[in-house]
Amino acid sequence: MPGLLAAAEQHLRIGAPADLADAVTRSHLDDGRCVGWYGPQTPGWRVAIDAERTDAPVPPALARRFGAGDFWARWTRAECCCKLADVPVAAWWRRHGLGAPADGSAVWRTLRLADLVVTVGFASNGRGAATNGPPR
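Residues numbered from 1 in each chain as written. Predicted model: local features only at pLDDT ≥ 70, side-chain atom pairs only at ≥ 80, totals over all residues. Heavy atoms only, no water.

### Description of the overall build of the protein
Check the secondary structure of the protein and you find four helices and six strands. Written out in order from the N terminus, the α and β elements of the protein read α-β-β-β-β-α-α-α-β-β. Projected onto the principal axes, the alpha-carbon positions of the protein cover approximately 40 × 35 × 25 Å. The buried share of the protein, taken over its 136 residues, is 48%. For the protein, long-range pairs separated by at least 24 residues make up 59% of all intrachain contacts whose partners lie at least 6 apart in sequence. About 6700 Å² of surface is accessible on the protein, with carbon and sulfur atoms providing 52% of the total. When the 16 positive and 13 negative side-chain charges of the protein are each reduced to one mean point, those points stand 7 Å apart. (Helix = DSSP H or I, 4+ residues; strand = E, 2+ residues; numbered from the N terminus. Buried < 20%, exposed > 50% of the residue type's maximum accessible area, 1.4 Å probe, protein only. Contact = heavy atoms within 4.5 Å. Areas by Shrake-Rupley, 256 points an atom, 1.4 Å probe, with all protein chains shown as cover. Lys, Arg positive; Asp, Glu negative; His and termini not counted. Charge placed at Lys NZ, Arg CZ, Asp CG, Glu CD.)

### Here's the deal with the state of the cysteines
Counted by the stated rule, this structure contains zero disulfides. Between Cys 80, a free cysteine, and Cys 81, which holds the nearest cysteine sulfur, the sulfur-to-sulfur gap is 7.2 Å. We classify Cys 80 as buried; its relative accessible area is 1%. Not part of a disulfide, Cys 81 finds its nearest cysteine sulfur in Cys 82, a span of 6.9 Å. Given a relative accessible area of 1%, Cys 81 falls into the buried group. (Disulfide = S-S within 2.5 Å.)

### Details of the packing of helix α3 (residues 71-85) against helix α4 (residues 89-96)
Their axes nearest at 10 Å, the elements α3 and α4 cross at an angle of 115°. On the basis of the axis angle, α3 is roughly perpendicular to α4. By crossing handedness, the relation of α3 to α4 is classed as right-handed. Listed contacts from α4 to Trp 75, Ala 78, Glu 79, Cys 81, Cys 82 and Ala 85 of α3 are Val 89, Trp 92 and Trp 93. Partitioned by chemical class, the residues of the contact of α3 with α4 number eight nonpolar, no polar and one charged. (Axes fitted to C-alpha atoms, helices over the stretch in contact; angles between N-to-C directions. Parallel < 35°, antiparallel > 145°, perpendicular 65-115°, else oblique. Left-handed = near helix turned anticlockwise from the far one by under 90°. Nonpolar A, V, L, I, M, F, W, Y, C, P; charged D, E, K, R; others polar.)

### Points about α3
Think of an α-helix as 3.6 residues a turn; residues three or four steps apart then line up on the same face. Taking 1.5 Å as the rise per residue, α3 with 15 residues should run 21 Å; its terminal C-alpha atoms sit 21 Å apart, in good agreement. Among the 15 residues in α3, 13 count as buried, and that is most of the element. Residue Asp 86 follows α3 closely and has a positive phi angle near 55°. (Expected span 1.5 Å × (residues − 1).)

### Concerning the packing of aromatic side chains
All chains considered together, the criterion is met by six aromatic pairs. Residues Trp 75 and Trp 93 carry aromatic rings whose centres are separated by 5.8 Å and whose planes lie at 55° to one another, so their mutual orientation is tilted. Pair noted here: Trp 75 is in helix α3 and Trp 93 is in helix α4, with a separation of 18 residues, a long-range link. A relative accessible area of 12% places Trp 75 in the buried class. The class for Trp 93 is buried, based on a relative accessible area of 17%. These aromatic residues form a ring-pair network of at least three members: Phe 66, Phe 71, Trp 72, Trp 75 and Trp 93. (Phe/Tyr/Trp six-rings, centres within 6.5 Å; stacked < 30°, edge-to-face > 60°.)

As structure tokens, this is what we get:
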């Protein structure tokens, strides 16, 4: 898994949703684009991605609640955790805010790609939320 995360840029594509329909998993952006994961199958692991535009304004209510510093990186990590744990984001916020608990049940990487911040996360098929990742 560390090798896939280290080379994540090689497995991500940005384009129109119709052009990325064959991606393993996708994240849709507010400007109509999509980011798709094209990494190899990883038996025993689930993968999730989340992406946001780096220049998107942080919604004021969320900035007040969670702070604006490094917001989109924290947001995409929390969204990956939610996707991997199959937990609604509002439920995640109540328990973790925009953080990721440190129980080690998954790995993730947050990176910049073009004008985007993207988090890629992996969790074992038999375990809970994505919670811990390598340094960014």
